[in-house]
Amino acid sequence: KLLTSENPFFDHSGASLFIAMEDGKIKGRIAFIENNEHNRVHDQNICFFGFFDVVNDFNVASVLLNKIVLLANELNYDSVAGPTNLTSNDSCGVLVKGFHLDPIIGMPYNFNYYEDFLKQYGFSSEMNLLSYSLSANEVISSCENHCFKTINQRLKTKYITIRESDFSQFKSEMAKLRIIYNESNADNWGFVPLTASEFGMMSSSLKLFIPHDLILFAVREDRIIGFVVAIPDFNFVFKKIRNGKLFPFGFIKLFLFRKKISKARILILGVLKGYRGMGVDMLLYRRITKNLLKMGIAEAEACFVLESNAVMKSILKKLGGVKIKEYSIFSLKISGGT
């Protein structure tokens, strides 16, 4: 549904899709993306590229990027940035460190020449996005070492508690999550708030993979003031389904192997401004870790973390997190811009 009219992104923005062919064989692909909401929110005049994949041939990469730059010039954009697939709320960035590691669910993977091709063409890194490895036992131990009991007691006196999401009220819960998601991320680099229909599409797809106890809310007197979402690493299962099809046998493998998943992705964590620095994030991390352990999952990967987000990096360091991967979003100034 991502690249069809069913995606609410296309209610306000657009994309043109291109494939590079040589001797009847596909050599690469790219999308030219006009994110009108991004430009409105950030008061910018930029376009984006995404879904960039190419064989190890700079000439093919140049053909694809030339098409993006040509369109950007024709439409008088100031610059082009990417990859975003379609937006920064979707998967984005080019992997630049951590090639030896398996990609976790929802994260991009590419060969190391992608970065070289983009730089050779003239792009420069605009923002780095980080992934941290977390051990469940280390997280729990670190919480105890950082006066967790004192933090927990202090938050209780402020009537702040943690609860699991209620999937019997799924639409209502997701409506609440959208509000806190947009509010807590408002100041993040490149963030564009999701509309109700966009968040609805995202949450309905996540419901297929995320159990209710991996969506947690920090609540103060019935008001949600923070949240964390984790997703089991279904890439472990998908690798077993070699043809990429659920039927007839893929569904059986999905059923058999999902219980053997041993790793998860911390998809997103957010706390409202007025409640930061109080230990709410540590409380959320500890609870989500305990819930993962109940599922037999002892490892997690926290991503994307903006390199500019000093607070989140500090929290992850306290929890024993180790930076293992790095992604970059690139940009290029367009001469034809106004």
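Above: the structure in question.
Here's a quick rundown of the structure. Think of each chain on its own: its residues are numbered from 1, step by step along the sequence as written. pLDDT decides what is reported in this predicted model: residues at 70 or higher carry local features, side-chain atom pairs at 80 or more are listed and counted, and totals for whole chains, interfaces and linings draw on all residues regardless. No hydrogens and no water enter the side-chain calculation; it runs on all heavy atoms of the structure.

Brief notes about the environment of Glu144
When you line up the elements, Glu144 lands in helix α4 (residues 136-145). Remark: the alpha-carbon pair of Glu144 and Arg286, spanning 142 residues in sequence, is separated by 9.5 Å. Here Glu144 is in contact with Lys149 and Arg286, once residues within four sequence places are set aside. A run of DSSP states H or I qualifies as a helix once it reaches four residues; a run of E qualifies as a strand once it reaches two. Both are numbered from the N-terminal end. Contacts were defined at the residue level, with two residues in contact if any of their heavy atoms lie within 4.5 Å.

With respect to the pairing of strand β2 (residues 25-34)
Pairing analysis gives nine bridges linking strand β1 (residues 14-22) to β2, with the strands arranged antiparallel. Paired with Ser16 across the strands is Phe32, a residue of β2. Pairing between strands requires that DSSP locate at least two bridges from one strand to the other. Examined bridge by bridge, β2 and strand β3 (residues 46-54) share five bridges and lie antiparallel to one another. For Ala31, the partnering residue across the bridge sits in β3 and is Gly50.

What about the packing of α4 against helix α10 (residues 280-294)?
The axes are straight lines fitted to the C-alpha atoms, using for helices just the contacting stretch, and the angles between their N-to-C directions are given from 0 to 180°. Put simply, α4 and α10 touch, their axes get as near as 9 Å, and they point 145° apart. Considering only the axes of α4 and α10, their crossing is left-handed. Along the contact surface, α4 presents Ala136, Asn137, Val139, Ile140, Cys143 and Glu144, while α10 presents Met282, Tyr285, Arg286, Thr289, Lys290 and Leu293. For the contact of α4 with α10, the residue count by class is seven nonpolar, two polar and three charged. Working rule for handedness: look at the near helix, and if it is turned counterclockwise from the far one by less than a right angle, call the crossing left-handed; if clockwise, right-handed. Three classes are used, and their members are as follows: Ala, Val, Leu, Ile, Met, Phe, Trp, Tyr, Cys and Pro are nonpolar, Asp, Glu, Lys and Arg are charged, and the others, Gly among them, are polar.

A few points about a nonpolar patch on the surface
Patch membership requires over 30% relative accessible area and the absence of a salt bridge. Like charges are linked within 9 Å, and nonpolar side chains (Val, Leu, Ile, Met, Phe, Trp, Tyr) within 5 Å. Throughout, the Shrake-Rupley method with a 1.4 Å probe supplies accessible areas, and for residues the shown protein chains are the sole cover considered. A pairing counts as a salt bridge when a side-chain nitrogen of Lys or Arg comes within 4 Å of a carboxyl oxygen of Asp or Glu. On the surface, a nonpolar cluster with roughly 480 Å² of combined accessible area is contributed by Phe249, Ile252, Phe255 and Leu256. The residue Phe249 is located in the loop between α8 (235-238) and α9 (250-257) in this model.

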